[in-house]
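Chain by chain, the residues:
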Amino acid sequence: MSKAAELAALIGSQTALSNRNLIINGAMQVAQRATSATFSTSSEGYLVTDRFAFSMNGTSTVYTASQDSTAPDGFSNSLKLDCTTADASLSAGDFTQLHYRIEGQDLQQLQKGTSGAKKVTISFYVRSPKTGTHILEIQDRDNTRSISKAYTVSTADTFEYKEVTFDGDTSGALNDDNGESFRLTWWLQAGSTYTSGTLATSWEATTSANRAVGQVNIGDDAANNFYITGIQMEVGEQATPFEHRSFGDEMTRCERYFQRFVANDAYTAWSVAFSTSATSAKAHLKYNCKMRAEPTISQSNTGFNHGPQVAFSSFNTLYTGLDLTWIDMNIGNVSAANVLGHWNANANTAAYVQMDAEL
Amino acid sequence: MLIENAKYGADPEGNNTCVICDIDGEHCAVPMRVGNRHYDEIMRQVAAGDLTIADAD
């Protein structure tokens, strides 16, 4: 399509000219947690690129998930799944999925549950080890409804651009809040529990058998590698060119859901702290931005520095809000209360404090 | 989500302020707020009888 035709299509679709993409980090630029992680039934969830989660049940397949530099023209990164342990014989309830979860308050423009419900189009670049049918599903988590669409990979191990349009749903309004309303699922493996029916190509009450009919098995060979990037979801039935954002813009958007304060050097300090006894201290930590919900707090290799450095042994949060947390930490002996210091990296460049408010 | 070693954390007045636990091997302080996915999962496991939260120290 020529640039003029693209612009005409964009205007004709009545789609916004900017902020079209409802997906954060669709180009897989941001990976605060790690750039590589093992993914199996015992280690699923948010592992590598921000906002994208893995879910797995039953199967013995093991993947290494990573932020990878293999990408189509115009992109620097992709999310790679490297199958390291294959499972070519799935049991009925087995599955592997890649998720993207969206707040209901960010989906109100779809007018779901009304006569004016709008279509959405999801476009992306995928490089699959398998040709044939792959399934992309939208689940309405507020009303337990689903719609699934098949896309076909024509050539194995080659990036292909896909556009998938989903009808609007006149049933089931989405909650106008900060909870999860839509879950996008790229199916990667699916047992017969999810494939034995008729694919739900129109919105319906979620029926397991209709969710992933025809899905190929991405994890049936330890030589398999699956890549995805350039994910865009926009209102309407017209896919437009990927809306590239700056790294800083994407990072800021990701921080509504997850923030990790890392050590720039061995003694990086994150906040002022003071001892409340010889072996305890308090500190308050302000986040980079307001978060979606009160986050879970965790840390690794931090300490209390008051000149001398003492290690952090355990902690408790006294208050956790959307903007900051108050922490009560047990520390090595500082001899007395009211010693002023910092909550910092405990002589360790791998130290971090993290706040997790993901969906 | 593997949740282990759960116990309440409390403020100096003895009010419970969070759930301290290990989630997938990481030591965490989980705020007692519906909508935090970890707290929601903790409550689901408690309701199912799969998890017990110990009293604060």
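Residues numbered from 1 in each chain as written. Chains lettered and ligands numbered in written order. Predicted model: local features only at pLDDT ≥ 70, side-chain atom pairs only at ≥ 80, totals over all residues. Heavy atoms only, no water.

1. Some words on the overall build of chain A
Scanning chain A from N- to C-terminus turns up two helices and 22 strands. At 23 Å, chain A has a C-alpha radius of gyration in line with the 21 Å of a compact globule built from 359 residues. Overall, the C-alpha framework of chain A stretches about 70 × 45 × 40 Å when taken along its three principal axes. A total of 359 residues make up chain A; the buried ones form 54% of that total. In chain A, 75% of the contacts between residues at least 6 apart in sequence involve partners at least 24 apart. Averaging the positions of the 25 positive and the 36 negative side-chain charges in chain A gives two centres separated by 3 Å. (Helix = DSSP H or I, 4+ residues; strand = E, 2+ residues; numbered from the N terminus. Rg over C-alpha atoms; globule rule 2.2 N^0.38 Å. Buried < 20%, exposed > 50% of the residue type's maximum accessible area, 1.4 Å probe, protein only. Contact = heavy atoms within 4.5 Å. Lys, Arg positive; Asp, Glu negative; His and termini not counted. Charge placed at Lys NZ, Arg CZ, Asp CG, Glu CD.)

2. Structural notes on the overall build of chain B
Each helix and strand in chain B was counted, giving one helix and three strands. Going from the N terminus to the C terminus, chain B shows its helices and strands as β-β-β-α. Scaling as 2.2 N^0.38, a compact globule of 57 residues should have a C-alpha radius of gyration of about 10 Å, and chain B matches this with 11 Å. Seen along its three principal axes, the alpha-carbon backbone of chain B occupies a region of about 30 × 20 × 20 Å. Across the 57 residues that make up chain B, the buried fraction comes to 44%. Per element, the accessible surface of chain B, about 3000 Å² overall, is 45% carbon and sulfur. (Areas by Shrake-Rupley, 256 points an atom, 1.4 Å probe, with all protein chains shown as cover.)

3. Overview of the pattern of salt bridges
All names here are of chain A. Following the criterion strictly, the structure yields 21 salt bridges over all chains and no others. One salt bridge connects E250 with R245, and the closest N-O pair in it is separated by 3.3 Å. Look at E250 and you get buried, because its relative accessible area is 1%. With a relative accessible area of 10%, R245 lands in the buried category. (Salt bridge = Lys/Arg side-chain N within 4 Å of Asp/Glu carboxyl O.)

4. Details of the packing of aromatic side chains
All names here are of chain A. Taken as a whole and assessed by the stated rule, the structure comprises 15 aromatic pairs over all chains. Summarising the aromatic geometry, the rings of F312 and F315 are spaced 5.6 Å apart at their centres and angled 50 degrees between planes, so their arrangement reads as tilted. Its relative accessible area of 10% is what places F312 among the buried residues. In this structure an aromatic cluster arises from ring pairing among F75, Y125, Y161 and F242. Above the face of the Y100 ring, R51 is positioned so that its terminal group lies 4.9 Å from the ring centre. One cation-aromatic arrangement involves K112 over W203; the distance from NZ or CZ to the ring centre is 4.8 Å. (Phe/Tyr/Trp six-rings, centres within 6.5 Å; stacked < 30°, edge-to-face > 60°. Lys NZ or Arg CZ within 6 Å of the ring centre and 35° of its normal.)

5. Re the environment of B:M43
Residues and elements named next belong to chain B. Note that M43 resides in helix α1 (residues 37-47). You can call M43 partly exposed: its relative accessible area is 28%. Note: C-alpha distance between M43 and D24 (19 residues apart in sequence) is 16 Å.

6. Structural notes on the interface of chain A and chain B
Between chain A and chain B, the contact holds 20 residues from the first and 20 residues from the second. Our enumeration of links across chain A and chain B arrives at twelve residue pairs in polar contact (both at pLDDT 80 or more). Where the side of chain A that touches chain B is concerned, the elements lending two or more residues are β17 (296-300), β19 (309-320) and β22 (352-356) of chain A. The biggest single contributor to the side of chain A that touches chain B is β19(A), with five residues. Split into classes, the residues belonging to the side of chain A that touches chain B amount to eight nonpolar, seven polar and five charged. (Polar contact = N/O pair within 3.5 Å; in protein donor to acceptor, adjacent residues only side chain to side chain. Nonpolar A, V, L, I, M, F, W, Y, C, P; charged D, E, K, R; others polar.)

This is a description of form; function is not addressed.
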